[in-house]
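Each chain is listed here by its residues.
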Amino acid sequence: MDDLLLRGGSICDGTGAEPRRADLAVRDGRIRAIAPSLPVDAKETIDAGGLTLMPGIVDSHTHFDAQVTWDPYVRPSPALGVTTAVIGNCGFTIAPCRPADRERTMRNLTQVEGMSFDVLQRGVRWEFETFGEYLAQLRRQGSAVNLVAYAGHSSIRTWVMGADANRRAATPDEIAQMAAVVREAMAAGAVGLASSTSPAHNGDGGLPMPSRLADDAEHLALIEAMASGGRGVYMQTKGAETRVALLEEMAARSGRPVMIAALLHNGTNPGAVFADLDAISAGNARGRTLIGQVSCCPLTMEFTLASPYPVEGLASWRAALGKQGAELEAVLADPQFRQRVRDELAAPSAFRLFNGEWDKVQVVEVAQPSHRDLEQRCLAEIAHRQGKDPLDVMLDLALDEDLTTVFTAQLLNSDEDAVAKLLTHPHSLVSLSDAGAHLTFFNDAGFGLHLLGHWSRERGVMPLGEAVRRLTGQPAAIFGLRDRGLLREGAAADLLLFDPATVGRAPTRRVFDLPGGAPRLHTDALGVHGVWVNGRRVADANGLVDGAPLAGTLITDFVA
Ligand SMILES: [Zn+2]
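Predicted, not measured: the structure shown is a model, and the values here were computed from it.

A. Representation of the overall build of the chain. Each helix and strand counted, the chain has 17 helices and 24 strands in total. The C-alpha atoms of the chain give a radius of gyration of 23 Å, which matches the 24 Å a tight globule of 560 residues would have. Taken over 560 residues, the chain has a buried fraction of 61%. Within the chain, contacts between residues separated by at least 24 positions form 73% of all contacts whose residues are at least 6 apart in sequence. Carbon and sulfur atoms make up 49% of the accessible area of the chain, which amounts to about 19900 Å² in all. Once the 53 positive and 68 negative side-chain charges of the chain are each reduced to a mean point, those two points are 4 Å apart.

Laid out in structure tokens, this is it:
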């Protein structure tokens, strides 16, 4: 007898083929049969008439490394159709880590991934030092979705160099030690190695995240260490100064796929992302595997001036980084500081999160009733009305409210025609949810549902079968996930059942369920009827099911 029979649904199998009507039977966590009509002989039968069944979504860019240790449900991803999450992106892992480096690691994450230090301190369960011990902890505690883990450059650098990791280049001996740790992590089951050279990535006290201080020799040595076992995916979130040519050289020297992030469209420098994609195409034409991570979501961030992620990558903001309270307020009030920020914003840049588009920065929530009329208004408009400069408006308002005023900035990827081109590019991967990070700034964990609903159904940018392939079969093949990402007999029963007429993501809302009752932004699914991981149901139309099983596996065995 089968465990589950889904009858009469449209099956979108993840190959890019258009949906076809069929029954699907699950037994022992795997798909036993797919056929136009299967006999009704299962412990549970679900009428999937009018609904579409697809493989579960593979979220290739998450930061659940810390959260998963206190929340094995990796909320909110399972309810949003994700059945496999790749962690460790950008190299911002929490393993390996010695006890003496725990506080440094958490403070770095607080700065770079917008995670609350208090939440991390209360939440993270440190039952490991090495990467292998971390994986063993994940295996022991289980998780609601399948997990795939990168080894992280910044953690490995800290492991070898301690406090110097964010301060200087490595010696040849230190590079050799890091390479040994990378080989160990690959042997323990890492999917590859992740790194960052992005100037937006600053750690504790405003210092660069460790991997940013690596020279080309270090990057090349580590990717070669990764590839020494004949497998592995290298991912890098690159700064504007990192040329795709260098990443192509890494792909050539290692013979491994290189995943390049974060390719977002910037309205003030609209050609940059397409130039990167052209270089990626040229590399592929020369026989390398280069993949550009793109996003199907406009990058909108909520922030306060106490921790203004969107502007923290500006060189001129350095003076304010790592400061708090009165010290920070003094910097923000300084007219010279403000002028330097204005000057920097006026100069063109290849990649920058915030580009002085004040019409796209809104006041969301004020603290003082007398400021209420400013809510839901953009800074350009307020500045015009008050006859002031928009930066002054933002900083003066924030200073007047002890830096508690909540703003939202539409930063990147808001030009839909341009984003459509990114999504349909032959060498792009729809990604960049950043799930598990930036919990109070934005939440794109529902990116897959947004691709299906907004981009495929509403905008017609790609047929449903192709949208499904880009969320499932394509990433599963890049990472070498065995028997996942496709609906076929014998494959793991990672399934998403949804209504194609309504699928999408609801607006984000604030919930207070982090350790210590801290807030995060939450997104509900629209049109999702069920999510199964290895044949076990983790979510239904109401979200995560009560007592959902920790049905996921830690995947450490990959197709090379
Ligand atoms: Zn990231």
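Let us keep going from here.
B. Up close: the coordination of the zinc ion. Protein ligation of the zinc ion involves H61 (NE2), H63 (NE2), C90 (SG) and D434 (OD), the donor distances falling in the range 2.1 to 2.7 Å. Each of the four donor atoms around the zinc ion contributes to a set of angles spanning 75 to 173°, which defines the coordination as irregular. Each donor residue of the zinc ion lies on one chain, and together they are spaced H-x1-H-x26-C-x343-D. One end of the pair, H61, is in the loop between β6 (57-59) and α1 (67-70); the other, D434, is in the loop between β16 (428-430) and α15 (447-458), and 373 residues separate them in sequence. Here H61 and D434 have matching classes, each one buried.

C. Examining the sheet that holds strand β14 (residues 361-365) more closely. A sheet is described by the order of its strands in space; here three strands give the open sequence β13-β15-β14, paired in antiparallel fashion. Only two strands of the sheet have a single partner each, and these edge strands are β13 (299-303) and β14. The average angle at which neighbouring strand axes cross in this sheet is 25°, direction not considered. Relative to strand β15 (residues 406-412), β14 is paired through four bridges, and the arrangement is antiparallel. Bridging from a neighbouring strand, V361 pairs with A409 of β15.

D. Local environment of the nonpolar core. Within the largest apolar cluster, 100 residues are counted, with the highest numbers of intra-cluster contacts made by M54, Y134, L423, L451 and L452. Counting residues per element, this core draws most heavily on helix α6 (residues 172-188), at seven residues. Among the nonpolar cores identified, the runner-up in size contains 60 residues, and V191, W358, V363 and L374 belong to it.

E. Highlighting the packing of helix α12 (residues 379-386) against helix α13 (residues 390-400). Following both chains from N to C, one finds α12 and α13 inclined at 95°, their axes separated by 8 Å at the closest point. In terms of their interaxial angle, α12 and α13 are classed as roughly perpendicular. Residues L379, I382, A383 and Q386 of α12 form the contact with α13, whose participating residues are P390, V393 and M394. A class-by-class count of the residues in the contact of α12 with α13 yields six nonpolar, one polar and no charged.

F. How the structure looks around the environment of V461. Here V461 shows up in the loop between α15 and α16 (464-471). For V461 and T556, which are 95 residues apart along the polypeptide, the C-alpha to C-alpha distance reads 35 Å.

What counts and how
Residues numbered from 1 in each chain as written. Predicted model: local features only at pLDDT ≥ 70, side-chain atom pairs only at ≥ 80, totals over all residues. Heavy atoms only, no water. Helix = DSSP H or I, 4+ residues; strand = E, 2+ residues; numbered from the N terminus. Rg over C-alpha atoms; globule rule 2.2 N^0.38 Å. Buried < 20%, exposed > 50% of the residue type's maximum accessible area, 1.4 Å probe, protein only. Contact = heavy atoms within 4.5 Å. Areas by Shrake-Rupley, 256 points an atom, 1.4 Å probe, with all protein chains shown as cover. Lys, Arg positive; Asp, Glu negative; His and termini not counted. Charge placed at Lys NZ, Arg CZ, Asp CG, Glu CD. Donors = N, O, S within 2.8 Å, 3.2 Å for Na, K, Ca; no water. Tetrahedral: all angles 85-135°; square planar, octahedral: opposite > 155°, others 65-115°. Pairing = 2+ DSSP bridges. Axes fitted to C-alpha atoms, helices over the stretch in contact; angles between N-to-C directions. Core = buried A, V, L, I, M, F, W, Y, C linked by side-chain atoms within 4.5 Å. Parallel < 35°, antiparallel > 145°, perpendicular 65-115°, else oblique. Nonpolar A, V, L, I, M, F, W, Y, C, P; charged D, E, K, R; others polar.

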